[in-house]
Amino acid sequence: MTIRLPDAHGALRTYEPRTEPLAATPGTPLTSRTVFSAAHVVADPYADVSPDSPAAVDWDATLAFRRHLWSHGLGVAEAMDTAQRGMGLDWAGAAELIRRSAAEARSVGGRIACGVGTDQITGGSLVEIRAAYEEQLALVEESGAQAILMASRALAAAARGPEDYLEVYGHLLRQSAEPVILHWLGPMFDPALEGYWGSTGLDAATDTFLEVIAAHPDKVDGIKISLLDAQREIDVRRRLPQGVRCYTGDDFNYPELIAGDERGFSHALLGIFDPLGPLAAEAVRVLDTGDTAGFRALLDPTVELSRHLFQTPTRFYKTGVVFLAWLAGHQAHFTMVGGLQSARSLPHFARAYELADGLGLFPDPKLAEERMKSLLAVYGVPQ
């Protein structure tokens, strides 16, 4: 079996796919770390929609993928950036996704946390922004899921300084029924979030973020930092109040952050664990035994793939995630809500296929090869 793949310069190279997948089967629950995979949504390929239409979702395939993640002991972070929140999935679609996924989680005993934002509005006053957050928080709490307070584009636009963030987040934390996860998503994932927490300087923004937590430590289960800056995450982790967890959202440096050091470690809430689910779960089970070297031996080789998928423009990593789900057989097509399947180039897909295949991520390597060749044929690449 060989396949001809294009490189970034337009030349074709011959690649020989592996014949056997990595052996990774469902196992015991994870114990040493709390691990969430942010999960993608599966589009309905038969819906007659345009890129700016409301999302048409294949609910059966979408929920089946969540059962796949739960079966490996992972939690699901629902209606987050990986689910194209704000990039094809509007609030109405996200609300339906939360309801359905939370019900599915109850039926199978899976852990779930859901994103709470303000994307039902595009702007407004602080009062209107707070009300939008409250509406979404109520829905998530009613569903029985844990809430993740996501960064708000509307708040980033309306806030005059750190005091506005302290007021809005303080209000939400005081009224939350259970401890929440706070999510700091950097502008590399969403340019509209530049200057979040009231400052473009990360040191000042970090101080405000920590001030919110320090004022309400009993209402913060943990924080998720998605800045792709390992040292800053470590510094913030060491300044957290006792009992508040750090969930890494660093898709570039996750093995070292999860492994930790003599002063602590990060749990995980990662988009890259969507394609890496079984392998990531197996690695954490090894870590559960105290074998940090074995954990790193399994997870370190995945970083090259993750850095490839999350290369700039980072916000388009979702395209690679769904592409790999198609090759792995988790869905029957490579179509995305909002038409986002067009957001990466053919050489990008080719390299993603090669890296994922090398890791053994495809349960059926022959199926992945056939699907990759079908995509190449659409682009006119001879085999």
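Source: prediction; values computed, not measured.

Here we come to the environment of Glu 178. Along the chain, the position of Glu 178 falls in the loop between α5 (162–175) and β7 (180–185). For the pair Glu 178 and Ala 147, spaced 31 residues apart in the sequence, the C-alpha separation amounts to 8.2 Å. Residue contacts for Glu 178: discarding those within four places in its chain leaves Glu 141 and Lys 219.

Here we come to the pairing of strand β9 (residues 245–248). Note: strand β8 (residues 220–226) against β9, four bridges, orientation parallel. From the neighbouring strand, Gly 222 faces β9, where its bridge partner is Arg 245. In this fold, the crossover linking β8 to β9 by way of helix α7 (residues 230–238) has right-handed handedness. Pairing between β9 and strand β10 (residues 267–270): two bridges, direction parallel.

Moving on to the packing of aromatic side chains. Aromatic ring pairs: the centre-centre distance and the angle between the two ring planes describe each pair. Taken as a whole and judged by the stated rule, the model has 20 aromatic pairs. When the ring of Tyr 15 is compared with that of Tyr 353, the centres are 6.0 Å apart and the planes differ by 80 degrees; the resulting orientation is edge-to-face. With Tyr 15 in strand β2 (residues 12–15) and Tyr 353 in helix α13 (residues 346–359), the pair connects residues that are 338 residues apart, well separated along the chain. With respect to class, Tyr 15 is no different from Tyr 353; both count as buried.

So, about the packing of α13 against helix α14 (residues 365–378). Axis separation between α13 and α14 bottoms out at 11 Å; the angle between their running directions is 170 degrees. Here α13 lies roughly antiparallel to α14, going by the angle between them. Counting all contacts with α13, which are made through Leu 346, Phe 349, Ala 350, Tyr 353 and Asp 357, the residues of α14 involved are Pro 365, Ala 368, Glu 369, Met 372, Leu 375 and Leu 376. Here the residues of the contact of α13 with α14 are counted per class, giving nine nonpolar, no polar and two charged.

What counts as what
- Residues numbered from 1 in each chain as written.
- Predicted model: local features only at pLDDT ≥ 70, side-chain atom pairs only at ≥ 80, totals over all residues.
- Heavy atoms only, no water.
- Helix = DSSP H or I, 4+ residues; strand = E, 2+ residues; numbered from the N terminus.
- Contact = heavy atoms within 4.5 Å.
- Pairing = 2+ DSSP bridges.
- Right-handed = clockwise from strand over helix to strand, strands pointing away.
- Phe/Tyr/Trp six-rings, centres within 6.5 Å; stacked < 30°, edge-to-face > 60°.
- Buried < 20%, exposed > 50% of the residue type's maximum accessible area, 1.4 Å probe, protein only.
- Axes fitted to C-alpha atoms, helices over the stretch in contact; angles between N-to-C directions.
- Parallel < 35°, antiparallel > 145°, perpendicular 65-115°, else oblique.
- Nonpolar A, V, L, I, M, F, W, Y, C, P; charged D, E, K, R; others polar.

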